[in-house]
Amino acid sequence: MPSPILEFSNVTLHFDDVVALEKVSFRVEEGASLVIMGVAGSGKSVLLKVSIGLVKPDAGDVYLFGERINDLPDQDLARFRQHVGMVFQESALFDSLTVAENVAYPLLNQQGQAPPGDVDARVREALQFVELEHTLEKLPSELSGGMRRRVAIARAIVNHPRLLLYDSPTAGLDPITAHTIMTLILKRRDIGNVTSLVVTHRLQDAHLLANFRYDAAKGDLVAAGRNGAGTQPPTRFLILNRGRVVFDGDEDALSRQQDPYIRRFMIAKGVRAAKK
Ligand SMILES: Nc1ncnc2c1ncn2[C@@H]1O[C@H](COP(=O)(O)OP(=O)(O)O)[C@@H](O)[C@H]1O
Ligand SMILES: [Mg+2]
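In this numbering scheme, every chain counts its residues from 1 along its sequence in written order. Starting at A for chains and at 1 for ligands, labels are handed out in the order in which the entities are written. Per-residue local features of the predicted model are confined to residues with pLDDT of at least 70, and side-chain atom pairs are confined, for both listing and counting, to 80 or more; whole-chain, interface and lining totals are unaffected and use all residues.

K.L.:
Quick question: what am I supposed to make of the overall build of the protein here?
P.N.:
If you tally the helices and strands in the protein, you get 10 helices and 12 strands. For 276 residues, the compact-globule estimate of 2.2 N^0.38 gives 19 Å, and the protein sits close to it at 18 Å. Principal-axis analysis of the C-alpha atoms places the extent of the protein at approximately 55 × 50 × 35 Å. Here the protein holds 276 residues, and the buried ones make up 43% of them. Runs of H or I in DSSP of at least four residues are treated as helices and runs of E of at least two as strands, each being numbered from the N terminus. Each radius of gyration is computed over the set of C-alpha atoms, and the globule rule expresses the reference value as 2.2 Å times the number of residues to the power 0.38. Between the buried cut of 20 or more and the exposed cut of 12 or fewer other C-beta atoms within 10 Å of a residue's own C-beta lies the partly exposed class, and all C-beta atoms are placed from the backbone.

Okay, here's the thing in structure tokens:
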């Protein structure tokens, strides 16, 4: 069996008396999607940051691309980070930089990147992917919330990463804009076989990841087998509560859960509610 792209083994992290992560274990195979859910403060953002060594755990092991990264100094981590893209909560664009400069940032500030002559082409390619080529010279403040999210995605993919981490990419967006963002996430996953970790509160987002795939010929999402059968490695769900994994499984297993904390994230409930 190939080694997973990302693996946590009993990862624990406390901030003073706050339990951010407690014995968290999971693995994500190449091309798979992992949906991460949980109430505010349950450890979702910390989990993403620990995944790429931005925050170091107190105990346990984190394996990225098959190598243990816990104790690596920052200069060694840079070698890994060039293959990872992250869409931070609230986009986290640099307000004083133009869209083009924001997207170019990882190319100019991470090691092993494109030669300077290629930067413009890579920035245009990334912005084309999110259909925002026309905003190159704009400032983030001139864009809508949904457009800023799309710029954040362009910045995250400009390096052609193998692993993409999305922290609440649809939070605060209207349903149509949220669907546009999810379509981009599936497109990136399915065209490039990119492994994706997606933090979300929206049942619809998780349902799309688990049951749809991006069809390049149609230029749109099409239904895949349930739980992504026949396309990607199946989509898995990780539900956190106070830093602990309280559920790890697929959508079908999730729909059978009876625990009230877990049930609030259940897809079936959302679908039933929508049909009324
Ligand atoms: N840098 C930090 N210093 C102290 N506490 C933190 C820090 N980062 C996160 N926490 C705490 O860890 C817990 C998990 O945080 P986080 O992962 O951001 O939650 P969420 O699931 O909302 O993304 C919360 O209680 C949060 O207050
Ligand atoms: Mg968070």
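K.L.:
For this particular structure, what's the right way to read the site of ligand 1?
P.N.:
What makes a residue near a molecule or strand is its C-beta atom, placed from the backbone, lying within 6 Å of it. Within the structure, ligand 1 sits among Phe 15, Val 18, Ala 20, Gly 38, Ala 40, Gly 41, Ser 42, Gly 43, Lys 44, Ser 45 and Val 46. The element that contributes the greatest number of residues to the shell around ligand 1 is helix 1 (residues 44–51), accounting for three residues. By residue class, the composition of the shell around ligand 1 is five nonpolar, five polar and one charged. The nonpolar class holds Ala, Val, Leu, Ile, Met, Phe, Trp, Tyr, Cys and Pro. Asp, Glu, Lys and Arg form the charged class, and all remaining residues, Gly among them, are polar.

K.L.:
What should I look at first to understand the nonpolar core in this one?
P.N.:
The tendency in soluble globular proteins is for nonpolar side chains to be buried as a group. Only buried residues count toward a nonpolar core: Ala, Val, Leu, Ile, Met, Phe, Trp, Tyr and Cys, linked into one set through C-beta atoms within 7 Å. By size, the foremost hydrophobic cluster in this structure holds 75 residues, and its most contacted members are Ile 36, Val 103 and Ala 154. Considering each element in turn, this core owes the most residues, seven residues, to helix 5 (residues 145–157). Contacts are defined on C-beta atoms placed from the backbone: any two residues whose C-beta positions lie within 7 Å are in contact. With residues up to four places along the chain from it excluded, the contact list for Ile 36 reads Lys 44, Leu 47, Leu 197, Val 198, Val 199, Leu 238 and Leu 240.

K.L.:
What is the right way to look at the sheet that holds strand 11 (residues 236–241) in this model?
P.N.:
Two pairing modes exist for strands in a sheet, parallel and antiparallel, and in both the strands are linked by backbone hydrogen bonds. Two strands form a pair only when DSSP identifies at least two bridges running between them. Taking strand neighbours across the sheet as the criterion, the six strands line up as 6-7-8-3-11-12 in an open arrangement whose pairing is mixed. Whereas interior strands pair on both sides, the edge strands pair on one side only; in this sheet they are strand 6 (84–87) and strand 12 (244–249). Pairs of neighbouring strands in the sheet enclose a mean axial angle of 15 degrees, with direction left out of account. Sheet analysis places strand 3 (residues 33–37) next to strand 11, joined by four bridges and oriented parallel. Looking at strand 11, one finds that Met 37 is bridged to Ile 239. Packing of helix 7 (residues 203–211) onto the sheet brings it into contact with strand 3, strand 8 (195–199) and strand 11, and relative to strand 3 it is tilted by some 165 degrees. Between N-to-C directions, angles cover 0 to 180 degrees, with each direction set by a line fitted to C-alpha atoms, over the stretch in contact for helices.

K.L.:
How should I be thinking about the pairing of strand 6 in this particular structure?
P.N.:
The side chains of a regular strand alternate, first on one face of the sheet and then on the other. What you see with strand 6 is no split at all: Val 84 and Met 86 on one side and Gly 85 and Val 87 on the other are buried throughout. Taken together, the four bridges between strand 6 and strand 7 (residues 163–167) define a ladder with parallel strand orientation. What sits directly across from Val 84, in strand 7, is Leu 163.

K.L.:
How should I be thinking about the sheet that holds strand 5 (residues 67–68) in this particular structure?
P.N.:
Reading across the sheet, the four strands line up as 2-1-4-5 and stay open at both edges, with antiparallel pairing between neighbours. Only two strands of the sheet have a single partner each, and these edge strands are strand 2 (18–28) and strand 5. Sheet topology note: the strand 4 (residues 59–64)/strand 5 ladder contains two bridges and is antiparallel. Its bridge partner lying in strand 5, Leu 64 is registered against Glu 67. Contacts from helix 1 reach strand 1 (6–15), strand 2 and strand 4, with the element oriented near 60 degrees to strand 2.

K.L.:
Would you mind going over the packing of helix 3 (residues 99–109) against helix 4 (residues 116–129) with me for this structure?
P.N.:
Each pair of packed helices can be summarised by the angle the axes make with each other and by the distance between the axes. Helix 4 packs onto helix 3 with a crossing angle of 120 degrees between their chain directions and a minimal axis gap of 9 Å. It follows that helix 3 is oblique to helix 4 by the angle criterion. The element helix 3 and its partner helix 4 pack so that their crossing is right-handed. Residues Ala 100, Val 103, Ala 104, Leu 107 and Leu 108 of helix 3 lie in contact with helix 4, whose contacting residues are Val 119, Arg 122, Val 123, Ala 126 and Leu 127. Its residues placed into classes, the contact of helix 3 with helix 4 shows nine nonpolar, no polar and one charged. Each angle gets one of four labels, with under 35 degrees taken as roughly parallel, over 145 as roughly antiparallel, 65 to 115 as roughly perpendicular, and the rest as oblique. Two helices crossing with the near one rotated counterclockwise from the far one by less than a right angle form a left-handed crossing, whereas a clockwise rotation gives a right-handed crossing.

K.L.:
Which parts of the structure should I look at to understand the pairing of strand 9 (residues 212–215)?
P.N.:
Where strand 9 and strand 10 (residues 220–223) come together, four bridges link them in antiparallel fashion. When the bridges of strand 10 are listed, Tyr 214 appears paired with Leu 221. Between strand 9 and strand 10, which pair antiparallel one after the other, the connecting turn spans four residues, and Gly 219 there sits at a positive phi close to 70 degrees.

K.L.:
In this structure, what is going on with the confidence of the model for the protein? I would like to understand it.
P.N.:
Low-pLDDT portions of the prediction should not be read for the details of their coordinates. The share of residues in the protein with pLDDT of 70 or more is 91%, and the mean pLDDT across the chain is 89. Per-residue confidence from the predictor is given as pLDDT, running between 0 and 100. Within the model, pLDDT remains below 50 along residues 268–276, and this stretch shows four contacts once partners closer than five positions in the same chain are excluded.

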